Amino acid sequence: MSLSWSQENTTDHYNQLLSQADKNKGASKQIFNSSLKELEANRQALSTEQQEYLDYLQIFNLMYQGRYEEAQENFEALFNRAESTFVKVRIQSSLSNLYAFNRNYRSVFNALQYVVDALPTLKDKSLKHTIYLATANSYLLTDRYQLAREFAEVLLKDDPDSFKRCRALIYRQLADIELNNTTAIQSDIFQNIFDLCQSENQYAISDILALRWYEFQYKQLQGDAAKAPIHNLITAVEKTCLNIDTQQFKSILTGKDALLAQLYLAVGNLNLAQDHAQTVVKDATSLGHSRHLQNAYQVLETIARRQDNFTLAYEYLNQRSAVERDLMTDALDKQVAFASVQHDLMAKEIQLQQLSQTNELLKTQQELAAKESLNQKLIMAWLALMVGLLMFWAVRAIVKRKKLESLVEIDHLTKILNRKGLEDHVGQLLTRKAGQQQPVHLAIMDLDHFKKVNDDCGHLTGDWVLKYVIYHLKSILPEGMILGRLGGEEFAIIGSGFKLNTMLDYLEKMRQLVKDLDYGESAQPITLSASFGVACSDTAGYSLQMLLTQADLALYQAKNSGRNQVIVYQSDGTKTPTVPDSPG
């Protein structure tokens, strides 16, 4: 039975309302709510698919209210009872985003796999575009940046409307920033994307891109003494987030505060830097640990250190360490979940293809047996020649690469490993020792009051002192231990395969050596000592970042307790053991 003209018009009107609500669920809460209100008032006149679509959209209100677990349960229940393929695919697409927020990463990738499998069966171009966007966003949230970029690229090649084009361009640009695709990270490209999305009233997603872009620009400026570019960035950042709901998009505002804290610190405005950083810490009670919280604690730690409040600096460093540990665990969970889902899919594919593979193998064997012997010999001779040539060029490339690596990994002043060299060599060591379950110890050595040497005697004398100390430390460094320069007067010493007490014995000899060295060759009298902070794989695991962080915490304690001593990191903050000489 065909619909009357008036019924068709009514159906079209409801479809337009549904589409309008969908388009504005992240742009205009007012339009979104008014559309849903009219649709709900006419629920009985809606088709089954329209009712399911309405239910799907209404669940977003729970997300806006921060009721994520309830929203997830309702989405899953709707998926189980929905008849419409359109709605079921939309649900899984949204669930993949929601699972990412709730850090249920295995479910993220399972939901994405359902969506990707359904894509070839979808005829509706607009729906496909919506799915591409949601999939790209989910991959961004789970750090699969190349996949996010590819899905955004697929959409952009399929002539999307301006609304979807805006979001696809933003997702691609965000992925390019994370992948450091410098050719695609240009000011004119960013400005064109930002202007397009602003014209589409896509303020929230525009602000996300703007803040990430300004953060990227700030990182390019770090180390530049000029403050004018940073002041320009502050002005630009202050203009963001003016058109978004402050409650609905609190996480975006937190990102703004975290970036402003770093920028104000860079120009020396400690009060504003502290205010913005404290706002991030306060918001973390509802938003949880994030990269923004990590940056905020780093700002607060730096401010406390500049104010010589080492007790507070230690507290902030300890809190930052806890956030970093959670973020590292979170990143590992994402990798494990992705690999696990891919493994399951591969296993299913292998099971389905076993019979056909057996038949193909037999067929291939018969074809090979039928080949002429001469052709086989020619092929083998050609392969041998190619392998020989490849091996020759590979050996040459390896030799050349090793020469280049040795140059870029060595500190030009002290002739020991620089930070890059340390990260490469210690990273390999940690991988080996983790497999063998052998202990690894890392100490950070800091030369006490070294700034005074530079100030009183000049930087040339300071450079001589560094070389002199390292020369003598290398003379007593046990075989197998690694010594490298982290920067300035900070050095890392890494030992493995022996107990902590053995490491402490080595470090005590080094501490005594630095204190007893004769610096008489200098034109001015120099007295020097060293403080050591030690971390172990027993507490930090086999992560270089965690070892450095915990060693830094212990070094803070050594500095704050009189210097010229060795302190091991303890999670409860105690100083065990302490090996002082006399305060230096």
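Scroll up a little and you will see the structure.
Report on the accompanying structure.

Within the secondary structure layout, T235 lies in helix α12 (residues 228-238). A sequence separation of 25 residues divides T235 from L260, and the C-alpha atoms of the two residues are 9.8 Å apart.

Leave glycine aside and you will find that most residues have negative phi; peptide bonds, for their part, are mostly trans. Positive phi values are uncommon outside glycine, yet Q437 reaches one of about 55°. Note on placement: Q437 falls in the loop between α18 (419-436) and β1 (440-447). A positive phi is found at R563, a non-glycine position, where the angle reads about 65°. Checked against the element boundaries, R563 lands in the loop between α23 (544-560) and β5 (566-568).

Read from one edge to the other, the open sheet built from five strands follows the order β2-β3-β1-β4-β5, with strand pairing classed as mixed. The outermost strands of the open sheet, each flanked by one partner alone, are β2 (482-487) and β5. Across this sheet, the average inter-strand angle for adjacent strands is 25°, counted without regard to direction. Strand direction decides the pairing type here: β1 and strand β4 (residues 530-536), joined by seven bridges, are antiparallel. Bridge pairing in β4 links A443 to V534. Contacting β1, β2, β3 (490-496), β4 and β5, α23 crosses the sheet at an angle of about 140° to β4.

For the rest of this paragraph, the subject is the state of the cysteines. Tallied over the entire structure, the rule returns one disulfide. C166 shares a disulfide with C197; S-S distance 2.1 Å. Sign of the S-S torsion, about 120° for the bond between C166 and C197, identifies this disulfide as right-handed. Of the two residues, C166 is situated in helix α9 (residues 162-179) and C197 in helix α10 (residues 187-199); the sequence distance between them amounts to 31 residues. Under the relative-accessibility criterion, C197 is labelled buried at 0%.

It is possible for side chains bearing opposite charge to pair when their charged atoms get close. Overall, the coordinates contain 24 salt bridges when judged by the stated rule. Between R172 and E153 there is a salt bridge, and its shortest N-O distance comes to 2.9 Å. Here E153 lies in helix α8 (residues 145-156) and R172 lies in helix α9, a separation of 19 residues in the sequence. The network of salt bridges with shared partners includes E40, R43, D55 and R81.

One finds Y56, F75 and I170 to be the most contacted residues of the largest nonpolar core, which totals 115 residues. The dominant element in this core, judged by the number of residues it contributes, is helix α11 (residues 203-221), at ten residues. For I170, the residues in contact, after removing those within four places along its chain, are I193, C197, I205, S206 and L209. In this structure, F450, V469, I493 and M503 belong to the second largest nonpolar core, which totals 34 residues.

The next thing to look at is the side chain of D448. By secondary structure assignment, the location of D448 is in the loop between β1 and α19 (450-457). Given the relative accessible area of 2%, D448 is considered buried.

Taken N-terminus to C-terminus, the directions of helix α2 (residues 29-41) and helix α3 (residues 48-64) make an angle of 140°; their axes are 11 Å apart at the nearest point. Our classification of the angle between α2 and α3 gives oblique. You can see that α2 and α3 cross each other, and the crossing is left-handed. For the pair formed by α2 and α3, the contact residues are F32, N33, L36, L39 and E40 on the first element and L54, L57, Q58, F60, N61 and Y64 on the second. Of the residues that constitute the contact of α2 with α3, the class distribution is seven nonpolar, three polar and one charged.

To continue, consider the packing of aromatic side chains. Taken as a whole, this structure holds 17 aromatic pairs when the rule is applied. Here the aromatic rings of F60 and F75 are separated by 5.9 Å at their centres, their planes lie at 80°, and the arrangement is edge-to-face. Here F60 is found in helix α3, whereas its partner F75 is found in helix α4 (residues 68-81), with 15 residues between them in sequence. Residue class for F75 comes out buried when judged on its relative accessible area of 0%. Three or more aromatic residues joined by ring pairs make a cluster, and in this case those are Y53, Y56, F60, F75 and F86.

In this fold, Q202 is placed in the loop between α10 and α11. For Q202, the side chain forms a polar contact with the side chain of R167, separated by 2.5 Å.

In this section: α8. Taking 1.5 Å of rise per residue, the twelve residues of α8 would be expected to cover 16 Å, and the 16 Å separating its terminal C-alpha atoms lies within 8% of that figure. When α8 is considered as a whole, its buried residues turn out to be A148, F151, A152, L155 and L156. For α8, the buried positions fall inside an angular range of 140° around the axis, keeping them on one side. On its buried side, α8 packs onto α6 (105-118), α7 (125-141) and α9.

Rules behind the numbers
- Residues numbered from 1 in each chain as written.
- Predicted model: local features only at pLDDT ≥ 70, side-chain atom pairs only at ≥ 80, totals over all residues.
- Heavy atoms only, no water.
- Helix = DSSP H or I, 4+ residues; strand = E, 2+ residues; numbered from the N terminus.
- Pairing = 2+ DSSP bridges.
- Axes fitted to C-alpha atoms, helices over the stretch in contact; angles between N-to-C directions.
- Contact = heavy atoms within 4.5 Å.
- Disulfide = S-S within 2.5 Å.
- Buried < 20%, exposed > 50% of the residue type's maximum accessible area, 1.4 Å probe, protein only.
- Salt bridge = Lys/Arg side-chain N within 4 Å of Asp/Glu carboxyl O.
- Core = buried A, V, L, I, M, F, W, Y, C linked by side-chain atoms within 4.5 Å.
- Parallel < 35°, antiparallel > 145°, perpendicular 65-115°, else oblique.
- Left-handed = near helix turned anticlockwise from the far one by under 90°.
- Nonpolar A, V, L, I, M, F, W, Y, C, P; charged D, E, K, R; others polar.
- Phe/Tyr/Trp six-rings, centres within 6.5 Å; stacked < 30°, edge-to-face > 60°.
- Polar contact = N/O pair within 3.5 Å; in protein donor to acceptor, adjacent residues only side chain to side chain.
- Expected span 1.5 Å × (residues − 1).
- Arc of directions from axis to C-beta.

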